[in-house]
Amino acid sequence: MLPILQGRAGLASRTLGASSWTIVLVAVVCLAAGLLRAAPSQDRDAGGHRAPTVALERGRTIFVLNHCHFCHGEDLTRATMGAANLSVSPLVGGDVDGNAIGAIVRAGLPNLQTAMPSYAELTASEIVDLARYIHYLRQQARHRALATAASAPAGDAALGQRYFAANCRSCHSAAKALTGIARNKYDSATLRTRILRPGPAAPADGVAVSAGQAAHLRLLENYTMENVQDLVAYLSGIR
Amino acid sequence: MLSRRDLGRLLVGAPFSAWACQRRPAVTTVAGVVFGVETFSFHDLPPSGDPQLIPTIIGNLKALGIAECEIMSGHIEPFASVMTGWWVQSRRSPDFPKLREEAREWRLNVSMDYYRNIRRQFEDAGLRIHLYNVNFNETFTDAERDRTFEAARALGAEGFSSSTVLSEARRLVPFVERHKMFVAMHNHNNLTDPDQFATPASFETALAISPLFHVTLDIGHFTAGNNDAVAFIRQHHDRIINIHVRDRKRNNGPNRPFGQGDTPIREVLRLIRDNRYPIRCYLEYEYGSFRFSLDEVKTCFQYCKDALA
């Protein structure tokens, strides 16, 4: 009996030892995670993540100090209190440098159920900064939504061709761009990536955004999942 | 000289009296004015249903040194308040009917112990939920209204603060009477919809409907709607349960840090202090800032203390 007991005791001891280490390890990890969560991050504050450029940070300052994020969400996707989801709002999608956003922001929406306030004191340049920041947030949000969608519908090449003709051909001539695509023989995933955002993931100070990249960012703001899939289907078929 | 019966009562009753004294929540006053917090002020809380949500609110109240709050239903119920139908825009979502039904099912089936447990957490910390903030609306069924009143009682709330509308207030009459619990109507500043609470007239209409209807006067929204908060409080102080203290500009202007808008915060606080109106003053932080909510609510509270000094 005794050896068995000793053996069991020994096993228990070893098991306990392993459990203790596991507990200590888990505790350390949890503590570290807690500290990381509690510690103020260098790149974010109560208004969200800092913007990647000085100009966009000016816009973020206006966005946060006028408490836009409380209703529209700091990344535009988590709108609350009945506010519009600006990541998919057609008005924002059609705006250029605040020409549509500015009118709403200045006048407010007093007839809305809980009345969006009027920000009549914002200057013209502040409206431009604010609008550009909203567009930046929207581009990030649309890219996340379109690039990480769990399921995407099958594309329709004919509709893709039609979309291409209406929105892409002014820059991408069929002869040049399409033969390039055919030559490179991108797979569907690569095509998708390049359609969504051929430029860098975020702008940077001192790095100019080309006209082509700017045009793609405008498209990105307004793509539907179907548009992207149709384009992929159309361009994949060109060989 | 005490009879044996009196002595017996004393011996039996003393521990309960001592317990009751210990459990009696503190009241935070500044110059005789009672302060609380509308929990909407805490913008960086864990999401609805997160187990850390209530402990975080309790921690924030303790850090502020403020003993009572008006707690939003979204901070009590394990789902976002957008699922409860107040915002008309949110009802247009194709997902809304299903989400609304889920919220209703939860309300109708949850044990009252769920609410009592939250109450106990507050009371154990020496705090209290004074008002339950539920935005009653036409998507509530009668059974749901009944359960919501029972929930408020289980939370220890004395009544409701509610962003609601006049048409819903009329539906609430039998419920306030049956549960003997008040509803304080909270205003915004939509001046075009006569069903909304935004003007003195809209409040007066509700006050005439039931003696159990009262007012949560949001002095910031009231000012943004170009109304006179001081005059309204002078006239209706006996029907005002609490005010939401925030600072907005007139003409539907934005929220601003306390002292930078057009809202007569100092005048209102001094009016309540000088007349000893039993109106509670609940801080509501909604202006923009890069600082986290707790720091800003502290700043708001300090502004009020300075105004009453």
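Residues numbered from 1 in each chain as written. Chains lettered and ligands numbered in written order. Predicted model: local features only at pLDDT ≥ 70, side-chain atom pairs only at ≥ 80, totals over all residues. Heavy atoms only, no water.

Peer 1: Residue-level account of the overall build of chain A, with values.
Peer 2: Looking only at helices and strands, chain A has 11 helices and 2 strands in total. Listing every helix and strand of chain A by position from the N terminus yields α-β-β-α-α-α-α-α-α-α-α-α-α. Looking at chain A residue by residue over its 239 residues, the buried ones come to 37%. Of the roughly 13,400 Å² of accessible surface on chain A, a fraction of 63% belongs to carbon and sulfur atoms. (Helix = DSSP H or I, 4+ residues; strand = E, 2+ residues; numbered from the N terminus. Buried < 20%, exposed > 50% of the residue type's maximum accessible area, 1.4 Å probe, protein only. Areas by Shrake-Rupley, 256 points an atom, 1.4 Å probe, with all protein chains shown as cover.)

Peer 1: Give me unusual backbone geometry: which residues, what numbers.
Peer 2: The phi dihedral of A:Ala115 is positive, around 55 degrees, even though this residue is not glycine. Looking at the element boundaries, A:Ala115 is found in the loop between α5 (101-107) and α6 (124-147). Unlike most non-glycine residues, B:Lys180 shows phi in positive territory, near 50 degrees. Following the sequence through the fold, B:Lys180 ends up in the loop between α7 (166-179) and β6 (182-186). The exposure class assigned to B:Lys180 is exposed, which follows from its relative accessible area of 67%.

Peer 1: Go over α7(B) with me, naming the residues and quoting the values.
Peer 2: Think of an α-helix as turning once every 3.6 residues; residues three or four places apart then point the same way. All names here are of chain B. Taking 1.5 Å as the rise per residue, α7 with 14 residues should run 20 Å; its terminal C-alpha atoms sit 20 Å apart, in good agreement. Maximal helix bending in α7 amounts to about 45 degrees, located at Leu-172; proline Pro-174 follows within four positions. Buried within α7 are the following residues: Leu-166, Glu-168, Ala-169, Leu-172, Val-173, Phe-175, Val-176 and His-179. Those residues of α7 that are buried lie in contact with α6 (142-155), β6, α8 (200-209) and β7 (213-218). (Expected span 1.5 Å × (residues − 1). Bend = angle between axes of the 7 residues up to and from the residue. Contact = heavy atoms within 4.5 Å.)

Peer 1: Describe in detail the domain arrangement of chain A, supporting the description with residues and values.
Peer 2: Size of an interface, as often reported, equals the accessible area lost when the parts are brought together. Residues and elements named next belong to chain A. When the domains of chain A are assigned, the result is domain 1 (47-146) and domain 2 (157-236). Of note, the centres of domain 1 and domain 2, computed from C-alpha atoms alone, are 26 Å apart. Domain 1 puts 15 residues into the contact, and the matching count from domain 2 is 16 residues. The junction of domain 1 with domain 2 conceals about 1,300 Å² of combined surface from both sides, 52% of it contributed by carbon and sulfur atoms. If you sort the residues of domain 1 by the area they bury against domain 2, Gln-139, His-143 and Leu-146 come out on top, with a joint share of 49%. Here domain 1 is connected to domain 2 by 1 salt bridge. The residue Arg-138 makes a salt bridge to Glu-221 at a minimum N-O spacing of 3.3 Å. Remark: the boundary between domain 1 and domain 2 carries 10 residue pairs in polar contact (both at pLDDT 80 or more). Secondary-structure elements contributing two or more residues to the side of domain 1 that touches domain 2 are α2 (54-65), α4 (90-93) and α6. (Domains from an automatic or database assignment. Buried area = accessible area lost by both parts, 1.4 Å probe. Salt bridge = Lys/Arg side-chain N within 4 Å of Asp/Glu carboxyl O. Polar contact = N/O pair within 3.5 Å; in protein donor to acceptor, adjacent residues only side chain to side chain.)

Peer 1: Give me the interface of chain A and chain B: which residues, what numbers.
Peer 2: Facing 25 residues of chain A, the contacting portion of chain B comprises 27 residues. Of the roughly 2,300 Å² buried at the junction of chain A and chain B (both faces included), carbon and sulfur atoms supply 56%. Three residues stand out in chain A for area buried against chain B, namely A:Phe70, A:Met81 and A:Gln113, and they jointly supply 30% of the buried area on that side. Counting across the chain A and chain B interface gives 1 salt bridge. Salt-bridge contacts for B:Lys249 lead to A:Glu121; the nearest nitrogen and oxygen are separated by 3.7 Å. Summed over the shared surface of chain A and chain B, the number is 12 residue pairs in polar contact (both at pLDDT 80 or more). Looking at which element gives the most residues to the side of chain A that touches chain B, the answer is α2(A), with 4 residues. Classifying every residue of the side of chain A that touches chain B by side-chain character gives 13 nonpolar, 9 polar and 3 charged. (Nonpolar A, V, L, I, M, F, W, Y, C, P; charged D, E, K, R; others polar.)

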